[in-house]
Amino acid sequence: MSIVAVGSIAFDTVTTRYGTKERLLGGTATYFGLAASYFTDVGVLGVVGEDFTAEHENVLRRHGIDISGVQRTSGKTFFWSGEYGANVNEAKTRATELNVFANFDPELPRNYRDSEFLFLGNIDPTLQSNVRHQMNGARLVGGDTMNYWINNTHPQLLETLKVIDVLIINDAEAKSLAGETNLPRAAQKVLAMGPKALVMKHGEYGATIFFREGAFGIGHHPFRAPALPIEEVVDPTGAGDSFAGGFMGYIASQGELNREVLKRAMFYGSVMGSFAVERFGTERLQNLTREEIDARFQIFRELTHLE
Ligand code: AMP
């Protein structure tokens with residue numbers, strides 16, 4: 001398998017202007033895994049409760065996702081409920097019930113250990129470090145975090161950032177982590193904490209990748225990928241994780257890592273994010289074809305291409 005992803009597997013109840021949907025299959029590892037599965041082999045590391053049925057499992061299995069790293073314990077699966085108002089970039093959290101996620105102790109199955117790529121989804125930075133050290137041979141490690149960890153577990157997060165190659169976070173989170181409101185200055189401060197590259201997601205406006213000087217042996221000029229202007233954003237949940245899945249999935253599918261590959265990965269990340277938001281939950285991500293993905297990649301190119 002080429003990518004291992006650790007993160008939440010969840011049931012989400014979501015309200016948007018298109019209505020409310022209850023207990024949709026969601027979570028970071030789910031969105032990331034589905035998006036990445038169109039490019040490469042994925043194994044997921046997570047925990048679920050007794051309410052997680054064979055039908056839910058099959059959503060992942062149908063995409064060839066290895067779930068031998070998904071622990072099943074007594075109790076309920078992690079539950080999140082959120083609402084989106086006029087600003088689709090911002091979810092208002094109504095409820096977070098950690099349930100079995102509260103005692104999550106990730107343990108890498110033997111068949112995951114040789115994977116070349118690792119994605120550390122948004123979980124406690126101590127657990128992220130723990131998983132990272134179980135996969136010391138990884139070629140490229142991507143990671144995410146959020147304000148909760150930036151504010152409450154800062155020292156632990158700083159340790160984790162030393163072992164992440166590409167940090168993929170929202171621009172607001174990057175500014176908060178850096179304590180700096182100017183975008184490129186915030187990027188430089190975050191890169192000084194360890195990562196070789198920083199992908200700042202701008203929600204419906206795209207994403208920018210910044211490089212540490214000399215990292216990956218490529219120039220350090222930033223590169224921005226647009227987001228597709230979509231008229232019907234039915235459910236923004238999982239856009240960020242789907243971006244990360246498309247981004248890392250594409251990188252893993254390529255033999256080498258250079259500036260062109262990273263630029264294309266930014267576009268494939270945007271493509272997967274754009275599909276994710278077109279339906280509630282993971283519906284759209286479950287029913288894609290590689291042809292549809294590549295057709296949208298071309299639309300993205302045309303959006304910004306200049307002769
Ligand atoms: P995003 O890509 O940022 O929209 O991520 C959406 C997913 O994050 C949802 O499917 C939620 O289940 C999951 N989620 C929400 N809060 C948390 C949390 N505190 N820890 C882990 N996962 C979360």
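Up top is the structure.
What counts as what
- Residues numbered from 1 in each chain as written.
- Predicted model: local features only at pLDDT ≥ 70, side-chain atom pairs only at ≥ 80, totals over all residues.
- Heavy atoms only, no water.
- Near = heavy atom within 4 Å.
- Polar contact = N/O pair within 3.5 Å; in protein donor to acceptor, adjacent residues only side chain to side chain.
- Areas by Shrake-Rupley, 256 points an atom, 1.4 Å probe, with all protein chains shown as cover.
- Helix = DSSP H or I, 4+ residues; strand = E, 2+ residues; numbered from the N terminus.
- Expected span 1.5 Å × (residues − 1).
- Buried < 20%, exposed > 50% of the residue type's maximum accessible area, 1.4 Å probe, protein only.
- Arc of directions from axis to C-beta.
- Contact = heavy atoms within 4.5 Å.
- Pairing = 2+ DSSP bridges.
- Axes fitted to C-alpha atoms, helices over the stretch in contact; angles between N-to-C directions.
- Salt bridge = Lys/Arg side-chain N within 4 Å of Asp/Glu carboxyl O.
- Left-handed = near helix turned anticlockwise from the far one by under 90°.
- Nonpolar A, V, L, I, M, F, W, Y, C, P; charged D, E, K, R; others polar.

1. Notes on the site of the ligand
Part 1: What surrounds the ligand is a group of 16 residues, the closest being Ser8, Asp12, Gly27, Gly238 and Asp241.
Part 2: For the ligand, an oxygen atom lies 2.8 Å from a polar atom in the backbone of glycine 238.
Part 3: Taking aspartate 241, its side chain carries an N or O atom lying 2.9 Å from an oxygen atom of the ligand.
Part 4: For the ligand, whose unbound accessible area comes to 510 Å², protein coverage reaches 79%.
Part 5: For the shell around the ligand, the secondary-structure elements that each account for two or more residues are strand S2 (10-16), strand S6 (78-84) and helix H8 (239-253).

2. Regarding helix H11 (residues 290-304)
Part 1: Taking 1.5 Å of rise per residue, the 15 residues of H11 would be expected to cover 21 Å, and the 22 Å separating its terminal C-alpha atoms lies within 8% of that figure.
Part 2: Among all positions in H11, only Ile293, Arg296, Phe297 and Phe300 are buried. Down the axis of H11, the buried set is contained in an arc of 110 degrees. They therefore lie on one face. Structural note: H11 exposes Glu291 and Glu302 on the side pointing more than 90 degrees away from its buried face.
Part 3: Contacts from the buried residues of H11 go to helix H9 (259-276).

3. Points about the sheet that holds strand S4 (residues 42-48)
Note: strands within a sheet are paired through backbone hydrogen bonds, in either parallel or antiparallel orientation.
Part 1: Spatial strand order, S5-S4-S1-S8-S9-S10-S11-S12-S13: nine strands in an open sheet with mixed pairing. Each end of this open sheet is capped by a strand with a single partner; those strands are strand S5 (66-72) and strand S13 (223-225). If you compare each strand with its neighbour and ignore which way they point, the axes differ by 15 degrees on average.
Part 2: Where S4 meets S5, five bridges bridge the pair, whose relative direction is parallel. Bridging from a neighbouring strand, leucine 45 pairs with glycine 69 of S5.
Part 3: Most of the contacts of H9 go to S13, to which it runs at about 25 degrees, and overall it touches strand S11 (197-201), strand S12 (207-211) and S13.

4. A short note on the pattern of salt bridges
Part 1: Within the structure shown, the criterion is met by 13 salt bridges.
Part 2: Its salt-bridge partner being aspartate 51, residue arginine 23 comes within 3.2 Å of it at the nearest N-O pair. Linking arginine 23 in strand S3 (residues 19-26) with aspartate 51 in the loop between S4 and helix H2 (54-61), this pair joins segments that are 28 residues apart in sequence.
Part 3: By relative accessible area, arginine 23 is classed as partly exposed at 39%.
Part 4: Residue lysine 162 pairs with glutamate 159 through a salt bridge whose shortest N-O separation is 2.9 Å.

5. Some details on the packing of helix H6 (residues 171-178) against helix H7 (residues 183-191)
Part 1: For the pair H6 and H7, the least separation of the axes is 9 Å and the interaxial angle reads 60 degrees. Handedness of the crossing formed by H6 with H7: left-handed. Contacts between H6 and H7 pair Asp171, Ala174, Lys175, Leu177 and Ala178 from the former with Leu183, Ala186, Lys189 and Val190 from the latter.
Part 2: For the contact of H6 with H7, the class distribution of residues is six nonpolar, no polar and three charged.

6. So, the packing of H8 against H9
Part 1: Two elements in contact, H8 and H9, have axes separated by 7 Å at closest approach and are oriented at 145 degrees. Crossing of H8 over H9 shows right-handed handedness. Between H8, through Ala239, Ser242, Phe243, Gly246, Phe247, Tyr250 and Ile251, and H9, the contact on the second element is made entirely by Val261, Leu262, Arg264, Ala265, Met266, Tyr268, Gly269, Ser270, Met272, Gly273 and Ala276.
Part 2: Among the residues making up the contact of H8 with H9, the classes are represented as twelve nonpolar, five polar and one charged.

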